[in-house]
Amino acid sequence: MMGKTRLGFDIGSSSMKVAVRQGGSVRLEEAALPENLVDSGGIALPHAFAQFLRQAKKDLRLPRGEAALVLPPSQVICRMVTMPRMTTEQLLMNLPYEFTDFIQGVADQYYCDYAVCEPAGDGEEGVTMMAAAAAKQTLAEYARIFSQVGLRLRTVLPQEMALIRLVQGRSEEEFCFVDLGHQNTRITVVWRDRVQATRQIALGGRNLDLAVGDELGVDAFLSNTYKTTNFQNVQTLPVLAEVCERIAVEILKVVNFYQFTYRSSNLEGVYLVGGGTALPVLRQAIESTVGLPLLDPETLLPGAAGDVPAGIFAAGAAMGGTR
């Protein structure tokens, strides 16, 4: 008998990634988003997005199943906290106060949840957990949109928890992910079942598109097409290499600071994920600058069908239970 089907969704700024997990197999799909449908704050046009999701469900032949959605950093706050031992009821009552410096409005407007971490050592006091807070209005809007197209949205989680789910049960303890996104580049280090460090760099694929566009006198949308298809060898343009080097140097700064802070760190390499991994010149700049091997994300999802680097967050969302 085949296992229960579970769907993972990751809505980026330029495309939506979907992971379909059934039993031990994972299929990864991607659908380009129409312009202006999603902005930095989330879904800008809910009705239009529902239509897009309905069509994507048909085009990608998505089966029925429980759905999980990854929220971008702009829509959820995720941080590691340590609290005194208390009952679950007391914990949920006190947890919102851990986010008062980060959220806007009153705490009642946010939903908080947590995942308890395994003790890091005998000297760890209290209970350490990965905690998250997201606006109730945002969660309700996603639930409504998914329901409109016949999808049961059972889980919503931050990117950090998607990565933790992805690496659970592996023999390695430390993982460094570099998400080469369109708007930003984000570095996340996972140690066991917790996020040890995270940092966002305000450079991404958009900056590469702008550099190519300025050089060739075309708009960012067309320059992105030129970049991804290597039209007239635009991937060899010096301006493109310059931006790639800037991104690589910023990644190096973050990795060096992490290794300085955690002297016991023993990073074996970095996993490049996100759409930017498809650009060879960017990968080469990172590998030569950072000085750590580029590890293959496909080893985290053996046998997966599709673009693993792009769909890594969706795949992580499709793992685990329905909490």
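All of these numbers come straight from a predicted model, not from anything done at the bench.

Sorry if this is basic, but what is going on with the overall build of the chain here?
When helices and strands are tallied, the chain shows nine helices and 15 strands. Taking 323 residues into account, the globule formula puts the C-alpha radius of gyration at 20 Å, and the chain, at 20 Å, falls close to it. Taken over the C-alpha atoms alone, the chain extends approximately 65 × 50 × 45 Å along its principal axes. Entry remark: accessible area of the chain is about 16300 Å², with carbon and sulfur atoms responsible for 50%. Of the charged side chains in the chain, 29 are positive and 35 negative; the average position of the first set lies 8 Å away from that of the second.

For this particular structure, what's the right way to read the packing of helix H1 (residues 46-59) against helix H3 (residues 136-148)?
In a pair of packed helices, the angle between the axes and the distance between the axes together describe the arrangement. Taken N-terminus to C-terminus, the directions of H1 and H3 make an angle of 45°; their axes are 9 Å apart at the nearest point. Here H1 is positioned oblique relative to H3, judged by the angle of their axes. Crossing hand, H1 versus H3: right-handed. Contact residues: Pro46, Phe49, Ala50, Leu53 and Arg54 in H1; Glu141, Arg144, Ile145, Phe146 and Gln148 in H3. Of the residues in the contact of H1 with H3, the class split is six nonpolar, one polar and three charged.

Honestly, the sheet that holds strand E1 (residues 5-11) in this entry has me stumped. Any pointers?
Across a sheet, paired strands are connected by hydrogen bonds in the backbone, their directions being either parallel or antiparallel. Spatially, five strands are ordered E3-E2-E1-E6-E10 in an open sheet, and the strand pairing comes out mixed. The two strands at the open ends of the sheet, each matched to only one other strand, are strand E3 (25-32) and strand E10 (152-158). Pairwise comparison of adjacent strand axes, ignoring direction, gives a mean angle of 20° for this sheet. Bridge count for E1 against strand E6 (residues 66-71) is five bridges, and the pairing is parallel. Bridge pairing in E6 links glycine 8 to alanine 68. Across the sheet, H1 is in contact with E1, strand E2 (15-22) and E3; its angle to E2 comes to roughly 45°. Running at roughly 140° to E6, H3 makes contact with E1, E6 and E10 of the sheet.

Which parts of the structure should I look at to understand the pattern of salt bridges?
Pairing is possible between side chains of opposite charge, provided their charged atoms come close. Inspection of the entire model under this criterion finds eleven salt bridges. With its nearest N and O atoms 2.7 Å apart, the salt bridge here joins glutamate 29 to arginine 27. The exposure class assigned to glutamate 29 is partly exposed, which follows from its relative accessible area of 25%. A salt bridge links arginine 170 to glutamate 172; the nearest nitrogen and oxygen atoms lie 3.4 Å apart. Judged by its relative accessible area of 29%, arginine 170 falls in the partly exposed class. Salt bridges linked by common partners bring Lys4, Arg6, Glu66 and Arg154 together as one network.

What am I meant to see in the confidence of the model for the chain here?
Interpretation of the predicted coordinates at a detailed level should be avoided for regions scoring low in pLDDT. Residues of the chain with pLDDT of at least 70 account for 97%, and the chain-wide mean is 92. Ranking the helices and strands of the chain by mean pLDDT puts strand E14 (residues 270-273) first, with 98, and strand E4 (residues 38-39) last, with 84.

Looking at this structure, I do not really get the nonpolar core. What am I missing?
Proteins that are soluble and globular tend to have nonpolar side chains buried together. Ranked by size, the top nonpolar core spans 33 residues in total, and within it Ile251, Leu282 and Ile286 carry the most contacts. When contributions to this core are tallied by element, the ones reaching two or more residues are strand E11 (174-180), strand E12 (185-191), helix H5 (205-216), helix H7 (238-261), E14 and helix H8 (280-290). When residues of this core are assigned to their parent elements, the largest contribution, nine residues, is made by H7. Within the second largest apolar cluster, 32 residues are counted, among which are Leu163, Phe175, Phe177 and Ile312.

I would appreciate a short explanation of the sheet that holds strand E8 (residues 110-116) in the present structure.
Within the open sheet, the three strands sit side by side as E7-E9-E8. Their pairing is antiparallel. Edge positions in the open sheet fall to strand E7 (77-83) and E8, since each of these has one partner strand only. Taking each pair of neighbouring strands and ignoring which way they run, the sheet shows an average axis angle of 30°. As paired strands, E7 and strand E9 (residues 127-135) are joined by seven bridges and run antiparallel to one another. Bridging across to E9, valine 81 finds its partner in methionine 129.

Please clarify how the environment of phenylalanine 231 should be interpreted in this entry.
With respect to the helices and strands, the residue phenylalanine 231 is situated in the loop between helix H6 (220-229) and H7. For phenylalanine 231, a relative accessible area of 36% gives the class partly exposed. For the pair phenylalanine 231 and threonine 138, spaced 93 residues apart in the sequence, the C-alpha separation amounts to 40 Å.

For this particular structure, what's the right way to read H1?
Note on helix geometry: an α-helix contains 3.6 residues per turn, so any two residues three or four positions apart are oriented the same way. Helix length check: H1 (14 residues) gives 20 Å between terminal C-alpha atoms against 20 Å at 1.5 Å per residue, within 8%. For H1, the set of buried residues is Phe49, Ala50, Phe52, Leu53 and Ala56. Along the axis of H1, the buried positions cluster into a sector of 160°, meaning they face one direction only. The exposed residues of H1 that point more than 90 degrees off its buried face are His47, Lys58 and Asp59. Buried residues in H1 make contact with E1, E2, E3, E4, strand E5 (42-43) and H3. Remark: arginine 61 follows H1 within two positions and exhibits a positive phi of approximately 55°.

Criteria and cut-off values
Along each chain, the written sequence defines residue order, and numbers are assigned to residues from 1. Local features in a predicted model are, by the rule used here, given only for residues with pLDDT of at least 70; side-chain atom pairs are given and counted only at 80 or more, and totals for whole chains, interfaces and linings are based on all residues. Calculation of side-chain values draws on the structure's entire complement of heavy atoms; hydrogens and water are dropped beforehand. In this description a helix means any DSSP run of H or I spanning at least four residues, a strand means any run of E spanning at least two, and both kinds are numbered starting from the N terminus. In this treatment the radius of gyration is a C-alpha quantity, and the globule benchmark scales as 2.2 Å times the residue count to the 0.38 power. To be clear on the numbers: accessible area is Shrake-Rupley with a 1.4 Å probe, and residue cover counts the displayed protein chains and nothing else. Neither His nor the chain termini are counted; the positive set is Lys and Arg, and the negative set is Asp and Glu. Charged side chains are reduced to one point each, which is NZ for Lys, CZ for Arg, CG for Asp and CD for Glu. Interaxial angle, 0 to 180 degrees, is taken between N-to-C directions of lines fitted to C-alpha atoms, where a helix line uses only the stretch in contact. Each angle gets one of four labels, with under 35 degrees taken as roughly parallel, over 145 as roughly antiparallel, 65 to 115 as roughly perpendicular, and the rest as oblique. Crossing chirality is assigned from the near helix's rotation relative to the far helix, an anticlockwise turn below a right angle marking it left-handed and a clockwise turn marking it right-handed. Throughout, a residue-residue contact means that at least one pair of heavy atoms, one from each residue, lies within 4.5 Å. Here the nonpolar group is Ala, Val, Leu, Ile, Met, Phe, Trp, Tyr, Cys and Pro; Asp, Glu, Lys and Arg are the charged ones; every other residue, Gly included, is treated as polar. Criterion used throughout: strands pair if DSSP finds at least two bridges between them. Here a salt bridge means any side-chain nitrogen of Lys or Arg lying within 4 Å of a carboxyl oxygen belonging to Asp or Glu. Whether a residue is buried, partly exposed or exposed follows from its accessible area with a 1.4 Å probe, protein chains only, as a fraction of its type maximum: under 20%, in between, or over 50%, in that order. Residue-level confidence of the predictor is what pLDDT reports, using numbers from 0 through 100. What we call a nonpolar core is a set of buried Ala, Val, Leu, Ile, Met, Phe, Trp, Tyr and Cys residues that are connected through their side-chain atoms within 4.5 Å. Helix span, expected: 1.5 Å multiplied by one less than the number of residues in the helix. The directions from the helix axis to the C-beta atoms form the arc being described.

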